[in-house]
Structures are given as structure tokens and as C-alpha cells.
Amino acid sequence: MIVGYTKPVTQEFSGEKQKALDKLKSGALLCSSENELYRRWIFAFKKDQNYPIETLECDCGKYTRKHKAYYYEWALEYRNG
Ligand SMILES: [Zn+2]
């Protein structure tokens, strides 16, 4: 925790978790195979923060096994807000 540190964007989490959220909010896909914690975080983002995060099949090509990617569904947020 850095005391007195201010950032213009909403800082709700720390470290990698916030980075993951920032990435999602920037419109990027979050490959579930890149970090095994993503699953848990996405669950929390959806459940606790009510973020409209959707899932699709990832086609990043980095992993042979089928896996998911997460993305921030801005259209849903506009509809709800
Ligand atoms: Zn992937």
C-alpha cells in the first residue's frame, strides 16, 4: 500500500487483480490460461462489483487446450446504466 498515491482511474483492487480489471475495461480479452487466478477474480468482479463480464472461447493460439477468455461487455453496462 502506497500512502498518498492518487490515480485518476478507479483503484478498487491491488496489483495483478487491478491490472486484470484495467485490461478488461480497456476492451482487451483476458485469456484464462495466462493466470489461473483469473477465474476467481472474474467471479468476484461479476458477483461483488456487478461488472458485465462475459465469457467466450479464447482463440489466442498460445495454448493447445481449449480455454476461455473474458471480456468486458460495455454494451451491457450502457443498457443497465
Ligand atoms: Zn487464450
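Relevant structure appears above.
Quick notes on the rules
- Residues numbered from 1 in each chain as written.
- Predicted model: local features only at pLDDT ≥ 70, side-chain atom pairs only at ≥ 80, totals over all residues.
- Helix = DSSP H or I, 4+ residues; strand = E, 2+ residues; numbered from the N terminus.
- Buried ≥ 20, exposed ≤ 12 C-beta atoms within 10 Å, placed from the backbone.
- Core = buried A, V, L, I, M, F, W, Y, C linked by C-beta atoms within 7 Å.
- Contact = placed C-beta atoms within 7 Å.
- Arc of directions from axis to C-beta.
- Pairing = 2+ DSSP bridges.
- Axes fitted to C-alpha atoms, helices over the stretch in contact; angles between N-to-C directions.

Q: Run through unusual backbone geometry, naming residues and quoting values.
A: In this model, Asn 50 sits at a positive phi of 60°, which is unusual for a non-glycine residue. Its place among the elements puts Asn 50 in the loop between helix 2 (38–48) and strand 2 (53–57). Classification of Asn 50 as exposed rests on a count of 10 C-beta atoms within 10 Å.

Q: Summarise the nonpolar core; cite the residues concerned and give the values.
A: Nonpolar side chains tend toward joint burial in soluble globular proteins. Counting 11 residues, the largest nonpolar core consists of Ala 20, Leu 21, Leu 24, Leu 30, Tyr 38, Trp 41, Ile 42, Phe 45, Ile 53, Tyr 70 and Tyr 72. When residues of this core are traced back to their parent elements, those giving at least two are helix 1 (15–25), helix 2 and strand 3 (68–72). Contact partners of Leu 30, with chain neighbours within four places excluded, come to Ala 20, Lys 23, Leu 24, Tyr 38, Ala 69 and Tyr 70.

Q: Any details on helix 2? Residues and values, ideally.
A: Every buried residue of helix 2 is accounted for by Tyr 38, Trp 41, Ile 42 and Phe 45. In a view along the axis of helix 2, the buried residues occupy a sector of 100°, so they form one face of it. Away from its buried face by more than 90 degrees, helix 2 exposes Arg 40, Phe 43, Lys 47 and Asp 48. Buried residues in helix 2 make contact with helix 1, strand 1 (30–31), strand 2 and strand 3. Where helix 2 terminates, the next one or two residues include Asn 50, which has phi positive at roughly 60°.

Q: Provide a residue-level description of helix 1, including the pertinent values.
A: Listed as buried for helix 1 are Ala 20, Leu 21 and Leu 24. The buried residues of helix 1 occupy an angular sector of 95° when the element is viewed end-on, so they sit on one face. On the buried face of helix 1, the contacting elements are strand 1, helix 2, strand 2 and strand 3. Looking one or two residues past helix 1, Gly 27 carries a phi angle of roughly 100°, positive in sign.

Q: Tell me what's going on with the sheet that holds strand 1, and back it up with residues and numbers.
A: Across the sheet, which stays open at both edges, the three strands sit in the order 1-3-2 with antiparallel pairing between neighbours. Two strands close off the open sheet at either side, each with one partner strand: strand 1 and strand 2. Contacting strand 1, strand 2 and strand 3, helix 1 crosses the sheet at an angle of about 70° to strand 3. Strands strand 1, strand 2 and strand 3 of the sheet are contacted by helix 2, whose axis makes an angle of about 145° with strand 2.

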